[in-house]
Amino acid sequence: SAEGAFDLLLKFQHIKSRESINQQMMNKSQEIIKQYRKEVDIINDSFLRQKDRPPVPNGQPPAGGAIMWEKSLFDRIKRTIVRFMESEEMMASDEGRYVKDHYLRTARKMKQYEDELYEKWRVHTEACLPALMRKTLLLKNPDTGKFEVNFAPELNVIMLESKYLEQLGFSIPELARNMALQEHKYSMFVVGLRNMLERYHRIMSSLEPAELDLLNDWVKQLLQTLKA
């Protein structure tokens, strides 16, 4: 890698040897810069090829995962150019100035990509989250006649995105942030409701007709509570 070769070059600079050898090693700096230029090209090509369908691992949210992927690519070229800045002589050459500009052009494209992803997520979240949180938490399935927990899957994605994006340094809408901070509580509520409904349906299906008649008033009151 260009970074590895640069480290080796720095070590030779501190070794006392003949001037001809030192000069030869310094001439290698241009080859190192050319190698770095190739590495930037490879990263740039990979970014452009995959940015519309980034390889986000399972368990990561779409926006946060895509930005983490982009940042992992960016860090690979940033780390090397930061090291190069230790050698003013190398970066002052024509090739050094060109590769710095090449890096900056690539970096700007990648930064714009993550800013656009974040902004799209923020606008969508601020628009849809209030409506999602106002949805009735219990619904009756018209096909089965059973009550079901109506906790929108989008809410889980929003909470996960909020945590990832905040770790990446982005500002999170207040409502989304508050919800993410209470993720454990929401999870416990949903699990508790599902367990309650499972017991309710099990008990109701076990009752005989005579028992249902006897408990009719209580059943009506319970159904009214569930619908409320």
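Everything numeric in this text was worked out from a predicted model, so none of it was measured.

Each value, and the rule that gives it
- Residues numbered from 1 in each chain as written.
- Predicted model: local features only at pLDDT ≥ 70, side-chain atom pairs only at ≥ 80, totals over all residues.
- Heavy atoms only, no water.
- Phe/Tyr/Trp six-rings, centres within 6.5 Å; stacked < 30°, edge-to-face > 60°.
- Helix = DSSP H or I, 4+ residues; strand = E, 2+ residues; numbered from the N terminus.
- Buried < 20%, exposed > 50% of the residue type's maximum accessible area, 1.4 Å probe, protein only.
- Contact = heavy atoms within 4.5 Å.
- Polar contact = N/O pair within 3.5 Å; in protein donor to acceptor, adjacent residues only side chain to side chain.
- Core = buried A, V, L, I, M, F, W, Y, C linked by side-chain atoms within 4.5 Å.

### Some points on the packing of aromatic side chains
If you walk through the whole model with that rule in mind, you get 9 aromatic pairs. Between the aromatic rings of F47 and W69, the centroid separation amounts to 6.1 Å while the plane-to-plane angle is 20 degrees, which identifies the pairing as stacked. One end of the pair, F47, is in helix α2 (residues 19-50); the other, W69, is in helix α3 (residues 62-84), and 22 residues separate them in sequence. Just as F47 is buried, W69 falls in that class too. When the ring of W69 is compared with that of Y113, the centres are 6.3 Å apart and the planes differ by 75 degrees; the resulting orientation is edge-to-face.

### Remarks on the environment of S187
For S187, the location among the structural elements is in helix α8 (residues 183-206). Placed 31 residues apart in sequence, S187 and N156 show a C-alpha to C-alpha distance of 9.2 Å.

### Quick word on the environment of E166
Mapped onto the elements of the fold, E166 is located in helix α6 (residues 153-167). The spacing of E166 and G64 is 102 residues in sequence and 9.2 Å in space, taken between C-alpha atoms. If sequence neighbours within four positions are ignored, E166 has contacts with I172 and R177. One polar contact links E166 to R177, side chain to side chain, over a distance of 2.7 Å.

### With respect to the nonpolar core
Ranked by internal contacts, the top residues of the largest apolar core, which has 26 residues, are F151, L155, L165 and M179. At the level of elements, α3, α5 (94-133), β2 (147-149), α6, α7 (174-181) and α8 are the ones that each hand at least two residues to this core. Looking at which element gives the most residues to this core, the answer is α5, with 5 residues. Beyond its immediate sequence surroundings of up to four residues, L155 is in contact with L129, L132, M133 and M179. Among the nonpolar cores identified, the runner-up in size contains 20 residues, and I33, F74, Y103 and M110 belong to it.

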